[in-house]
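An overview of the molecular structure
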Amino acid sequence: MPLLAPPPEAPPAGPLMPTSLPPLTAALPRLPGLRPVRPQLWLVATESHQDTVTRYAPLVLDTTELARAEEFRRSGDRATYLCAHVGLRRLLGAHLDLAPRAVSVARAPCPCCGEPHGRPVLPDGRLHFSLSHCEGLSLIAVASTPVGVDIERVPAPHTVTEASEVLHPAEAAELAALTPALRPAAFARVWTRKEAYLKGLGIGLGADPSAEYVGAGPLPAAPTGWLLADVAVPDGHHAAVALRRDGEAPAGEAPGSRRGSG
């Protein structure tokens, strides 16, 4: 009697819960295997990591990362950058069985122009990752297919009014239908979904944010070939992750080639 294949894993039905990254002085927990529709998500709180990371960053990061950190004028932004990149190298090193500093990261070709400024990648493509940070918090995703994450603070009301013009018309209409008090959180929700998806494509905000519909409501609208989920993060912030369904969408597909319904 032939063995039955296991049913395909269902995509996430609600916000995903990230794992808090342990401090640099503590060992990482045993990493679970990568699952097709469940990226590993790690939350890095700058306040919990900055003291040890500031001391050990020169032993973990490469010269380019250290130089980039020095470009930040505000000490808080510099600390968040260092904590995020040290955390990423720790996780990638654990997956690859390498020392964090030995992890080699390159840039994929841009899907729009072919120049080497697309998504960050590992040279052998064994796993995929994405990193996002705002003041005080960072979010890291590791997955078996191209992935993008974004984390943002909920913006001020005047920012919502100005930025809504660059959204998909249906998303702008959804925001306009809300009371003014609810619009900032809804804008952060739609913006993080959109940026996570564009980062997963490897294009980022060089693309037209209005081209693809991801929704401003409680549930995201995933573009064809992608999984899209909100991520549970501390109050005052929103975050999202986009994961390519393996075999369903080419990594270089440009947004706007398929419009979501409004």
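Before reading on, note that the structure itself is shown above.
So, a few notes on the structure that sits alongside this text. This structure is a prediction, so every number in the text was calculated from the model and none was measured.

Details of the sheet that holds strand 8 (residues 226-231)
Strand order across the open sheet formed by three strands is 7-9-8, with antiparallel pairing between neighbours. Of all the strands in the sheet, just strand 7 (147-153) and strand 8 have a single pairing partner and so form its edges. Here the average twist between neighbouring strands, direction ignored, is 15°. For strand 8 and strand 9 (residues 237-244), the ladder comprises six bridges, and the chain directions are antiparallel. Along strand 9, the bridge assignment pairs Leu227 with Leu243.

Description of the pairing of strand 6 (residues 137-143)
Judged by how many residues are buried, strand 6 sits mostly within the fold: seven of seven residues are covered. Neither face of strand 6 is open: one carries Leu137, Leu139, Ala141 and Ala143, the other Ser138, Ile140 and Val142, and all of them are buried. Of the strand pairs in this sheet, strand 2 (residues 40-45) and strand 6 are connected by six bridges, and their pairing is antiparallel. Looking at strand 6, one finds that Gln40 is bridged to Val142. Pairing between strand 5 (residues 128-134) and strand 6: seven bridges, direction antiparallel. Following the sheet pairing, Phe129 is matched in strand 6 by Val142. If you look at the hairpin formed by strand 5 and strand 6, you'll find two residues sitting between the two strands, and Gly136 has a positive phi there, around 90°.

Basis of the calculations
- Residues numbered from 1 in each chain as written.
- Predicted model: local features only at pLDDT ≥ 70, side-chain atom pairs only at ≥ 80, totals over all residues.
- Heavy atoms only, no water.
- Pairing = 2+ DSSP bridges.
- Helix = DSSP H or I, 4+ residues; strand = E, 2+ residues; numbered from the N terminus.
- Axes fitted to C-alpha atoms, helices over the stretch in contact; angles between N-to-C directions.
- Buried < 20%, exposed > 50% of the residue type's maximum accessible area, 1.4 Å probe, protein only.

Interpretation in functional terms is not warranted from these geometric data alone.
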